[in-house]
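A look at the structure
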Amino acid sequence: MKSHVKAVVIGGGVVGCSVLYHLAKAGWTDIMLIERSELTSGSSWHAAGGFHTLNGDPNVAKLQAYTVQLYKEIEEISGQSCSLHLTGGVMMADTPERMDFLRLAHAKGRYLGMDTELITPSEAKAMFPLMDETNFVGAMWDPVEGHLDPSGTTIAYSKAAKKLGAEIVLRNRVVDLTQQPDGTWNVVTEQGTVHAEHVVNCGGLWAREIGRMVGVELPVLAMEHMYLLTEPMPEVEEFNKSTGREMIGVLDFKGEIYTRQERNGILLGTYEKACKPWSPVNTPWDFGHELLPPDLDRIAPSLEIGFKHFPGIEKAGIKQIINGPFTFALDGNPLVGPVQGLTNFWCACAVMAGFSQGGGVGLALSNWMVHGDPGFDVWGMDVARFGEWAGLRYTNAKVRENYSRRFSIRFPNEELPAARPAQTTPLYDTMLANNAVMGDSWGLETPLWFAPKGKEPKDIVSFHRSNDFGPIGEEVRATRERVGVTEIANFAKYEVSGPGAEEFLNRLMTNRMPKTGRIVLTPMINEFGKLIGDFTIAKAGEDRFMIWGSSAAQKYHMRWFEKHLPKDGPRGSEVRIHRFDQTLVGLSIAGPKSRDLLQKLVDVDISTKAFRFMDFREMAVGGAPCMVNRITYTGDLGYEIWMAPAYERLVYKAIKDAGEEFGLVDFGMRALLSMRLEKNFPTWFRELRPIYGPFEGSMDRFIKLEKNDFIGREAAAKEQAEGPKLRRVSFIVDAADADVMGDEPIWAKVSKDFGTVEKPHGYGAPRFDDKGKEVRGSKAAEGASALRGIVDGDWRVVGWVTSGGYAHYVRKSMAQGYVPAALAEDESAGLFEIEILGHRRPARINVEAPFDPSGEKMRS
Ligand SMILES: Cc1cc2nc3c(=O)[nH]c(=O)nc-3n(C[C@H](O)[C@H](O)[C@H](O)COP(=O)(O)OP(=O)(O)OC[C@H]3O[C@@H](n4cnc5c(N)ncnc54)[C@H](O)[C@@H]3O)c2cc1C
């Protein structure tokens, strides 16, 4: 065993072996995988080996597609078979709602390059004759599904990595990790200590324990999972003989079950409601190649549905029931990337579908370690997406919820109840008393909308407009015409201070920093010139800046800030960053009467001239020390008022009392988002993501290329000089009773050449093409050919929706999305169509915001 290596990968499951292979392939060959026992000694060996490309997050779906396409490559390099069976599979819908869900998934697939097809239950039955098709209303066929041999696949990765020069050390447990002052690691193992620049946690079932070695409680939990194998079935053999094909994979939403052919019989797995965590606090180190005792009673309700839907299976004898543990994060997606607050400590764990996702995880992580960037939009699996609130018990409750609804539909207006309330503000009880419907915003209870008095404050979940439609409309109209108040404690808030603060922010942000007492809006981009943040920044004092940003990106942004803190030189320690989280809360008042209202609560002049649009001031509001921004996300005249939580009730009561004479209303997050739509304002993680350049995102006026040399300036200058290929635009959609939700395809009747359409996904670092081949520096962003290929007469898919909804004040259904730049200025009616729940609706680009296009009200 070497004593010094560039990187140590801990864990020889499918994920660790994939990370090792990808690191070696990227040129880091001085690397070592350390495995406690033999390879596949965690969950990898007893997996059902199924793989598929579908994922709720389109970016994770692309990485799944890459994983599936990779198997041939590792078979070739290693000479080890993965026993790949590319059978294809169907998802079965038993209700119209589930069919709506499949329509949405199918529409998304259009620009993701997926070749899915909506089919009838009878067509599905022809490929899986053991089903009773009368239980279903429809299905979706996906040709890129199948199964493989889990152990063979893990070994293929490991052999391929070894061929490229990587070392694998077996039967050697990592017992401790200690960090050196220079940020490198001493990896203490049973066989001695290895010094490594980087450490990767691929500990699978023990990932939590490895996290604890460095003081981190990762939000990951193992669940028991059962699948059964039947005796050989004559029906299966007969089908194989008569068709020359294997039976396909089937996923049944209602039963939360999956089933497929395994040898001459059937494999059927369940995600049962009465699910059971395994080793909820500590994973025993002596657990190895063992199975857990099966518990038929637990899966009986799922089996009952399964046997009703697939009567052919009930007749078969059960040969074996496999019960094994495997890990999940709160939302079922992996935890990948560098852990914020630590140096050179990386995660690739909580991979619940190692055989669908392992390759993509390995590629993204190796890019990140070798090139400093994952090369893809990996937010959906970034380890930074959960906060401190996701502790052991929170994780336990959320993972159980996620497991028990693994194949359930999540409606766009559906809030999931487990582990809530977690964090609350001092106004929580008041908001409940006001009949608020609460939502979870990065672990914080946040008012979404207010139900009318006497009505139960509860969402009726739906893909269509629902019971919140009327009340949100009232909130919006009252705010736009009079004044409204909403809680904005869920925004991210930071303070950057010290003599080096301004220089530091000027290096990170694309816009100039404001003068004292003023505010700017500014994107943040990475060295590839892609959007990685969008902030409101106020200069609060000589060396003090207040920053507001996206709540969910707090750890993601802190990681970036910390990475770029000046380390060397005399100013090295002169920048301090503080993340407030819930130690600072906020209320926003907006609407034409908001100034009159606020003036009643403050003892300073806040007239238009004295307190201008985009001013920042510290002042007492209702007697409480506050910071006030003259800006609101509603795009109206309005204010954001920030205070310590201890004052929030006082300030809220003062606002409510003073607001009575103006007809003040409470409004929630949904009304706020509706109002931003009619101002064409983008949102972070929807319109603005690391796959888009700032000019593509139509953020032109916030990019000051001439100000100084900020990170990504060169790339942004190039984008501007060459002209963005895409453009973010707003649409008005002729919708019926459902609005866009995001990820819908945009169709255009194309009469002119608008160049190449690309759905960007990768950038900078290596990418892969439609066939899974790595393309360095190529412009062939995957999905491009798929878009070009989707044609219907004169119409073709030219873009995708990022978000939208109903803009209540202007009474229009609106959408934002990306289209080729050459099409972005075209407002001619009827040129575009947006696919909503399978129906193409006329849409027209709306260059000017429908509400207050000149910004007069906002500035008044
Ligand atoms: C019953 C069942 C069915 C499944 N079906 C499917 C399926 O159909 N499709 C699919 O994609 N996935 C399936 N899975 C999930 C799949 O098994 C996991 O996604 C995958 O195994 C995760 O791999 P991993 O490498 O992250 O973790 P693991 O396989 O748990 O590997 C972690 C490795 O790290 C080692 N290790 C841990 N700590 C240390 C240490 N301190 N020092 C040294 N080594 C250490 C362990 O010994 C282990 O070998 C199934 C799982 C189960 C249980």
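Only a predicted model underlies this, so the values are computations on that prediction, with no experimental measurement involved.

**Some remarks on the overall build of the chain**
Broken down by element type, the chain carries 21 helices and 41 strands. Referenced to the eigenvectors of the C-alpha coordinate spread, the extents of the chain come out at roughly 85 × 65 × 55 Å. Taken across its 860 residues, the chain has 64% of its residues classed as buried. A separation threshold of at least 6 residues defines the contact pool for the chain, and within that pool the share at least 24 residues apart is 73%. Counting every atom, the chain has about 31,200 Å² of accessible surface; 50% of that belongs to carbon and sulfur. Between the mean site of the 99 positive side-chain charges and the mean site of the 112 negative ones, the chain shows a separation of 3 Å.

**Side note on the sheet that holds strand β25 (residues 531-541)**
The five strands lie next to each other as β24-β25-β26-β23-β27, forming an open sheet whose pairing is antiparallel. This sheet does not close on itself; its edge strands, each paired only once, are β24 (519-525) and β27 (576-579). When the angles between neighbouring strand axes are averaged without regard to direction, this sheet yields 25°. Judged from the seven bridges that link them, β24 and β25 form a sheet pairing that is antiparallel. The partner of Val-520 across the bridge, within β25, is Ile-537. Packing against the sheet, helix α15 (residues 554-563) makes contact with β23 (492-497), β24, β25 and β27, and its axis sits at approximately 75° to β25.

**Points about the site of the ligand**
Around the ligand, a shell composed of 39 residues is seen, among which Glu-35, Arg-36, Ser-44, Gly-50 and Val-351 lie nearest. Take Gly-50: an N or O atom from its main chain is 2.8 Å from an oxygen atom of the ligand. Between the ligand and the protein, one listed contact pairs an oxygen atom with a backbone N or O atom of Phe-355 at 2.8 Å. In isolation the ligand offers 1,000 Å² of accessible surface; the protein chains occlude 98% of this area. Residue assignment for the shell around the ligand shows that the elements contributing at least two residues are α1 (14-25), β12 (220-230), β17 (318-329) and α10 (354-371).

**A short note on the packing of aromatic side chains**
All chains considered together, the criterion is met by 34 aromatic pairs. Note on Trp-389 and Tyr-394: the rings are 5.3 Å apart at their centroids and 70° apart in plane angle, and the pair reads as edge-to-face. Across the pair, exposure class does not vary: Trp-389 and Tyr-394 are buried alike. Each member of the aromatic cluster is reached from another via a ring pair, and the members are Tyr-258, Tyr-271, Phe-326, Phe-328, Tyr-403 and Phe-407. A cation over an aromatic ring shows up here: Arg-406 above the ring of Tyr-271, its NZ or CZ 5.2 Å from the ring centre. The ring of Trp-747 is capped by Arg-840, whose NZ or CZ atom sits 3.9 Å from the centre of that ring.

**Comments concerning the pattern of salt bridges**
One pass over the structure, following the stated rule, counts 48 salt bridges. For Arg-298, the salt bridge identified is with Glu-272, shortest N-O distance 3.5 Å. In this pair, Arg-298 sits in helix α8 (residues 296-309) while Glu-272 sits in the loop between β15 (265-270) and β16 (277-278), placing the two residues 26 residues apart along the sequence. The burial state of Arg-298 is the same as that of Glu-272; both residues are buried. Through salt bridges with shared partners, a single ionic network connects Glu-224, Glu-272, Lys-276, Asp-295 and Arg-298.

**Brief notes about the packing of helix α2 (residues 58-78) against helix α5 (residues 150-163)**
Here α2 crosses α5 at 60°, and the two axes come no closer than 9 Å. Relative to α5, the element α2 lies oblique. Here the hand of the crossing between α2 and α5 comes out left-handed. Contact with α2, carried on its side by Thr-67, Leu-70, Tyr-71, Ile-74, Ile-77 and Ser-78, involves Thr-153, Ala-156, Tyr-157, Lys-159, Ala-160 and Lys-163 of α5 and no other residues of that element.

**Some thoughts on the pairing of strand β28 (residues 585-590)**
Counting buried positions over the six residues of β28 gives six, a clear majority of the element. Along β28, one buried face is formed by Val-585, Leu-587 and Ile-589 and the opposite face, lined by Gly-586, Ser-588 and Ala-590, is buried too. Examined bridge by bridge, strand β22 (residues 484-487) and β28 share four bridges and lie antiparallel to one another. Bridging across to β28, Thr-486 finds its partner in Ser-588.

**A closer look at the packing of helix α13 (residues 469-481) against helix α18 (residues 669-677)**
Geometry of a packed helix pair, given as the angle between the helix axes and the separation of the axes. Following both chains from N to C, one finds α13 and α18 inclined at 65°, their axes separated by 9 Å at the closest point. Relative to α18, α13 is oriented so that their crossing is right-handed. Every residue of α18 that contacts α13 at Ile-472, Glu-475, Val-476, Thr-479 and Arg-480 is listed here: Arg-670, Ala-671, Ser-674 and Met-675. Looking at the contact of α13 with α18 residue by residue, the classes come out as four nonpolar, two polar and three charged.

**A short note on α15**
With eight of 10 residues buried, α15 is to be regarded as a mostly interior element. Taken together, the buried positions of α15 are occupied by Gln-554, Lys-555, Tyr-556, His-557, Met-558, Arg-559, Trp-560 and Phe-561.

**Observations regarding the sheet that holds β22**
One open sheet accounts for six strands, arranged β29-β30-β31-β28-β22-β32; its pairing is mixed. Edge strands, defined here as strands with exactly one partner in the open sheet, are β29 (616-621) and β32 (665-666). Direction of pairing for strand β30 (residues 624-629) relative to strand β31 (residues 638-643): antiparallel, over a ladder of three bridges. Residue Met-627 lies in a different strand from β31, and its bridge partner there is Trp-642. Here helix α17 (residues 648-659) sits on the sheet in contact with β22, β28, β29, β30, β31 and β32, set at roughly 10° to β28.

**A few points about the side chain of Thr-153**
Tracing the backbone shows Thr-153 in helix α5. With residues near it in sequence (within four places) discarded, Thr-153 still touches Tyr-71, Ile-74, Cys-82, Leu-148 and Phe-355.

**Section: the pairing of strand β19 (residues 345-349)**
Within β19, five of the five residues are buried, leaving the element largely enclosed by the surrounding structure. Both faces of β19 are covered, namely the face carrying Phe-345, Cys-347 and Cys-349 and the face carrying Trp-346 and Ala-348. As paired elements, strand β11 (residues 192-201) and β19 share three bridges and run parallel to each other. Looking at the pairing, Val-200 lines up with Trp-346 of β19. Here strand β18 (residues 335-338) runs beside β19; their pairing, made up of four bridges, is antiparallel. By the bridge assignment, Gly-337 is partnered in β19 with Cys-347.

**Comments concerning the confidence of the model for the chain**
In the predicted model, the chain carries a mean pLDDT of 92, and the fraction of residues at 70 or more is 93%. Confidence drops under a pLDDT of 50 for residues 760-788, and excluding neighbours within four residues, the segment shows 90 contacts in the predicted structure.

**Describing the environment of Asn-367**
As for its placement among the helices and strands, Asn-367 is situated in helix α10. Classification of Asn-367 by relative accessible area gives buried; the value is 2%. Engagement of the side chain of Asn-367 in a polar contact is seen with the backbone oxygen of Pro-374, the distance being 2.9 Å.

**Remarks on the side chain of Arg-559**
One can find Arg-559 in helix α15. Within the structure, the side chain of Arg-559 is placed 2.9 Å from the backbone oxygen of Pro-338, a separation counted as a polar contact. Contacts of Arg-559, omitting those with residues within four sequence positions, involve Pro-338, Gln-340, Trp-368, Asp-382, Val-383 and Ala-384.

**As for the environment of His-85**
Inspection of the secondary structure puts His-85 in the loop between α2 and β4 (89-93). Classification of His-85 by relative accessible area gives partly exposed; the value is 31%. Put simply, His-85 and Asp-603 are 518 residues apart on the chain and 74 Å apart in space, counted from C-alpha to C-alpha. Setting aside residues no more than four positions away along its own chain, His-85 makes contact with Phe-51, Glu-145, Gly-146, His-147 and Glu-246.

About the criteria used
- All residue numbers here refer to positions counted from 1 along the written sequence of the relevant chain.
- Whole-chain, interface and lining totals are the exception, using all residues; otherwise, since this is a predicted model, local features are given only for residues with pLDDT of at least 70 and side-chain atom pairs are given and counted only at 80 or more.
- For side-chain calculations, the full set of non-hydrogen atoms in the structure is used, while hydrogens and water are omitted.
- Only DSSP runs of H or I with at least four residues qualify as helices, and only runs of E with at least two residues qualify as strands; both kinds are numbered from the N terminus onward.
- Whether a residue is buried, partly exposed or exposed follows from its accessible area with a 1.4 Å probe, protein chains only, as a fraction of its type maximum: under 20%, in between, or over 50%, in that order.
- Residues count as neighbours in contact if any of their non-hydrogen atoms are within 4.5 Å of one another.
- The method behind every accessible area is Shrake-Rupley, applied with a 1.4 Å probe, and residues are considered shielded solely by the protein chains displayed.
- Charge assignment in this entry is limited to Lys and Arg as positive and Asp and Glu as negative, and neither His nor the chain termini are counted.
- Charge coordinates come from a single atom per side chain, which is NZ of Lys, CZ of Arg, CG of Asp or CD of Glu.
- The rule for pairing is simple: two strands pair if DSSP sees at least two bridges between them.
- Only the contacting stretch of a helix is used when fitting its axis, a line to C-alpha atoms as for every element, and angles between N-to-C directions run 0 to 180 degrees.
- Throughout, near means a residue has at least one heavy atom within 4 Å of the molecule or strand.
- Here a polar contact is recorded for every N or O atom pair within 3.5 Å, except that within protein the pair must consist of a potential hydrogen donor and a potential acceptor, and residues adjacent in sequence are included only if both atoms are side-chain atoms.
- Ring pairs shown here join Phe, Tyr and Trp side chains whose ring centres sit within 6.5 Å, with only the six-membered ring taken for Trp; geometry is labelled stacked below 30 degrees between planes, edge-to-face above 60, and tilted in between.
- To sit over a ring, a charge needs its Lys NZ or Arg CZ within 6 Å of the ring centre and within 35 degrees of the ring normal.
- A carboxyl oxygen of Asp or Glu within 4 Å of a side-chain nitrogen of Lys or Arg is what we treat as a salt bridge.
- For classification purposes, angles smaller than 35 degrees are called roughly parallel, those larger than 145 roughly antiparallel, those between 65 and 115 roughly perpendicular, and all remaining angles oblique.
- What makes a crossing left-handed is the near helix being turned counterclockwise from the far one by less than a right angle; a clockwise turn instead makes it right-handed.
- Each residue gets one label: Ala, Val, Leu, Ile, Met, Phe, Trp, Tyr, Cys and Pro are nonpolar, Asp, Glu, Lys and Arg are charged, and the others, such as Gly, are polar.
- Scored from 0 to 100, pLDDT records how confident the predictor is in each individual residue.

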